[in-house]
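A structural walkthrough
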Amino acid sequence: MAGAKKRTDDAPMRQREMAASDASAVAQLAALKQMSVGELKAKWESLFGSPAPNNSRSYLELRLGYRIQELTLGGLSRETRRMLDLLADEIDGKLGRKAIIEDGRNPVAGTRLLREWNGVEHTVTVLRDGFDWQGRRFKSLSAVARAITGTQWNGYRFFGLREAGRDPR
């Protein structure tokens, strides 16, 4: 029973420590506004371990504010960092990793989507890296919907696909 008593006593202490840590972060963030550019650059060096990249006050304040929060509250999750790396690789055209970021709303490659528009039935085939409609390749369903209708559409809505996790009603 002594272990159970200890556990209940630790919870308020952890809450106080977290509140103190949060208050410290808020105080540090507020202090940034009062610092000179020289002081901001010194703070940069203490938090990042390298010289500040430029003298832009707004850049230094924003980046230091993010770093203070990151150190206090924790950084990005592993999954978020992975997704950002994949997106950066895709933008840079690097094929070392998975080149195409898959959208969870896309059906399996090979699936055929049917949609009637103005009395004409349109068939779109889902490809691994896009969509095929009338022998033309498109990167997105929205581009296909635009080609069919001549107007802006959300492609998933146009073809009756719901976003992952949404209520189907």
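For the structure, check the block above.
A brief look at the structure comes next. Bear in mind that the values here come from a model prediction, so they are computed numbers and not experimental data.

Before going further, it helps to examine the pattern of salt bridges. Per the counting criterion, the structure on display carries five salt bridges. Across the pair glutamate 79 and arginine 82 runs a salt bridge whose closest N-O atoms are separated by 3.3 Å. You can see glutamate 79 and its partner arginine 82 sitting in helix α4 (residues 78-92), three residues apart, about one turn around the helix. Judged by relative accessible area, which is 42%, arginine 82 ranks as partly exposed. A salt bridge links arginine 137 to aspartate 129; the shortest N-O distance between them is 3.0 Å.

The topology assignment puts glutamine 134 in the loop between β3 (130-133) and β4 (136-138). Looking at glutamine 134, the relative accessible area reads 59%, which means it is exposed. Taking the C-alpha atoms as reference points, glutamine 134 and threonine 123, separated by eleven residues in sequence, lie 7.8 Å from one another.

To continue, consider the nonpolar core. Membership of the largest hydrophobic core comes to 14 residues, with the highest contact counts inside it found for Val124, Leu141, Val144 and Phe159. Residue assignment for this core shows that the elements contributing at least two residues are β2 (120-127), β3, α5 (141-149) and α6 (155-158). Among the elements that take part in this core, α5 stands out by supplying five residues, more than any other. Setting aside anything within four residues of it in sequence, one finds valine 124 in contact with Thr111, Arg112, Leu113, Phe131, Asp132, Trp133, Leu141, Val144 and Phe159. In terms of nonpolar packing, the next biggest core, distinct from the first, is built from ten residues, Ala25, Leu47, Leu60 and Leu64 among them.

The description of an aromatic ring pair uses the distance of the two centres, along with the angle that the planes make with each other. Scanning the entire structure with this criterion turns up seven aromatic pairs. Residues tryptophan 117 and phenylalanine 158 carry aromatic rings whose centres are separated by 5.5 Å and whose planes lie at 55° to one another, so their mutual orientation is tilted. Highlighted residues: tryptophan 117 in strand β1 (residues 112-117) and phenylalanine 158 in helix α6, separated in sequence by 41 residues. Residue phenylalanine 158 is classed as buried on the basis of its relative accessible area of 2%. Chaining the aromatic ring pairs together yields one cluster made of Trp117, Trp153, Phe158 and Phe159.

If you trace the backbone, phenylalanine 138 turns up in strand β4. Separated by twelve residues in sequence, phenylalanine 138 and valine 126 have C-alpha atoms that sit 9.8 Å apart. Not counting the four nearest positions on each side in its chain, phenylalanine 138 is found in contact with Gly130, Phe131, Trp133, Ala143, Val144 and Ala147.

So, about the environment of leucine 76. By the element assignment, leucine 76 lies in the loop between α3 (57-73) and α4. Leaving out residues up to four positions away in the same chain, leucine 76 has contacts with Tyr66, Arg81 and Leu84.

Once that is clear, we can look at the side chain of threonine 149. Of note, threonine 149 is situated in helix α5. A polar side-chain atom of threonine 149 sits 2.8 Å from the main-chain carbonyl oxygen of alanine 145. Within the structure, threonine 149 has its side chain in polar contact with the backbone nitrogen of threonine 151 (distance 3.1 Å). Residue contacts for threonine 149: discarding those within four places in its chain leaves Trp117 and Phe158.

It is worth spelling out the packing of helix α2 (residues 37-48) against α3 at this point. Contact geometry of α2 with α3 gives a least axis separation of 10 Å together with a crossing angle of 35°. In the crossing of α2 with α3, the sense of the turn from one axis to the other is left-handed. Every residue of α3 that contacts α2 at Val37, Leu40, Lys41, Lys43, Trp44, Leu47 and Phe48 is listed here: Arg57, Tyr59, Leu60, Glu61, Arg63, Leu64, Arg67, Ile68 and Leu71.

Rules of the game
- Residues numbered from 1 in each chain as written.
- Predicted model: local features only at pLDDT ≥ 70, side-chain atom pairs only at ≥ 80, totals over all residues.
- Heavy atoms only, no water.
- Salt bridge = Lys/Arg side-chain N within 4 Å of Asp/Glu carboxyl O.
- Helix = DSSP H or I, 4+ residues; strand = E, 2+ residues; numbered from the N terminus.
- Buried < 20%, exposed > 50% of the residue type's maximum accessible area, 1.4 Å probe, protein only.
- Core = buried A, V, L, I, M, F, W, Y, C linked by side-chain atoms within 4.5 Å.
- Contact = heavy atoms within 4.5 Å.
- Phe/Tyr/Trp six-rings, centres within 6.5 Å; stacked < 30°, edge-to-face > 60°.
- Polar contact = N/O pair within 3.5 Å; in protein donor to acceptor, adjacent residues only side chain to side chain.
- Axes fitted to C-alpha atoms, helices over the stretch in contact; angles between N-to-C directions.
- Left-handed = near helix turned anticlockwise from the far one by under 90°.

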